[in-house]
Amino acid sequence: MDMNKLTDWLITGKIDAAICNKNLEDRNINTLKLFQEKYVCLVSNNIKLENNELTLQQFLKENHAIVSASTGHNLVENYLNKKGLRRKIKLRVPQFSILNELIEKHNLIVTVPERISLFFESNKNINIYDVPFELPEFDITLHWYKKSSDIAAQKWFIKFLQHTLNNLTI
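Residues numbered from 1 in each chain as written. Predicted model: local features only at pLDDT ≥ 70, side-chain atom pairs only at ≥ 80, totals over all residues. Heavy atoms only, no water.

*Asks:* Any details on the packing of aromatic side chains? Residues and values, ideally.
*Replies:* Applying the stated criterion across every chain, the model contains 4 aromatic pairs. With 4.7 Å between their ring centres and 35° between their planes, Tyr39 and Phe138 make a pair best called tilted. Linking Tyr39 in strand 3 (residues 39-44) with Phe138 in strand 8 (residues 138-145), this pair joins segments that are 99 residues apart in sequence. Each member of the pair Tyr39 and Phe138 is classed as buried. Ring plane angle 0° and centroid distance 4.6 Å describe the contact between Tyr79 and Phe133, whose orientation is recorded as stacked. (Phe/Tyr/Trp six-rings, centres within 6.5 Å; stacked < 30°, edge-to-face > 60°. Helix = DSSP H or I, 4+ residues; strand = E, 2+ residues; numbered from the N terminus. Buried < 20%, exposed > 50% of the residue type's maximum accessible area, 1.4 Å probe, protein only.)

Set out below in structure tokens:
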């Protein structure tokens, strides 16, 4: 999803709702904070870590795949740029769902929101580590167009999303 078009898509009805890590600054959009999230690293188990710990030095040394910045996931890149640090980005992908095989086959590190990492837990070829530097937690929010709020189906859909996502635990 292109975060730069999100407000427009909600207002025009192209999408009914959006769940993301970005606050939309438009008075025509309803916003509901669902939960706070943090980033973790998915690491191919072909990458040998000293003492089974991901250090900043190793994080910067290894190859990375990243999800396109237009998805709103640029907190890590912003942090590294401010510190004058660079990581080796070998692959850019449009979404998280295609990462499973890529990580293990190409010996990559990918930084993802912690709840997304749950989908990779069953893959024995991928290990999950904390990000090796301090990043702030961020809000995951639900957005929808205010004028759609009176439609019964939209009310049901928003309540369904809120209930489902509030019950998604780590």
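Don't stop here, the text continues.
*Asks:* Let's hear about the pairing of strand 8: which residues, and what values?
*Replies:* With 7 of 8 residues buried, strand 8 is to be regarded as a mostly interior element. Where strand 1 (residues 18-20) meets strand 8, 3 bridges bridge the pair, whose relative direction is antiparallel. Counterpart to Ala18 in the pairing with strand 8 is His143. (Pairing = 2+ DSSP bridges.)

*Asks:* Could you give me a rundown of the pattern of salt bridges, with the residues and numbers involved?
*Replies:* It is possible for side chains of opposite charge to pair when their charged atoms get near one another. Applying the stated rule across the entire model yields 5 salt bridges. Between Lys61 and Glu62 there is a salt bridge, and its shortest N-O distance comes to 3.9 Å. For Glu62, a relative accessible area of 14% corresponds to the buried category. Across the pair Glu77 and Arg87 runs a salt bridge, and its minimum N-O distance is 2.5 Å. Here Glu77 is found in helix 3 (residues 75-83), whereas its partner Arg87 is found in the loop between helix 3 and strand 5 (88-93), with 10 residues between them in sequence. With relative accessibility at 12%, the residue Arg87 sits in the buried group. (Salt bridge = Lys/Arg side-chain N within 4 Å of Asp/Glu carboxyl O.)

*Asks:* Break down the nonpolar core for me, citing the residues and quoting the values.
*Replies:* Within the largest apolar cluster, 25 residues are counted, with the highest numbers of intra-cluster contacts made by Leu54 and Phe59. If you list the elements that add at least two residues to this core, you get strand 2 (29-37), strand 3, helix 2 (56-61), helix 3, strand 8 and helix 6 (152-166). Broken down by element, the residue count for this core peaks at 4 residues, all from strand 8. When near neighbours in sequence (up to four residues on either side) are disregarded, Phe59 contacts Cys41, Leu54, His64, Val76, Leu80, Arg87, Ile109, Thr111, Pro132 and Phe133. Counting 13 residues, the second-largest nonpolar core is a separate cluster that includes Leu42, Val93, Phe96 and Leu108. (Core = buried A, V, L, I, M, F, W, Y, C linked by side-chain atoms within 4.5 Å. Contact = heavy atoms within 4.5 Å.)

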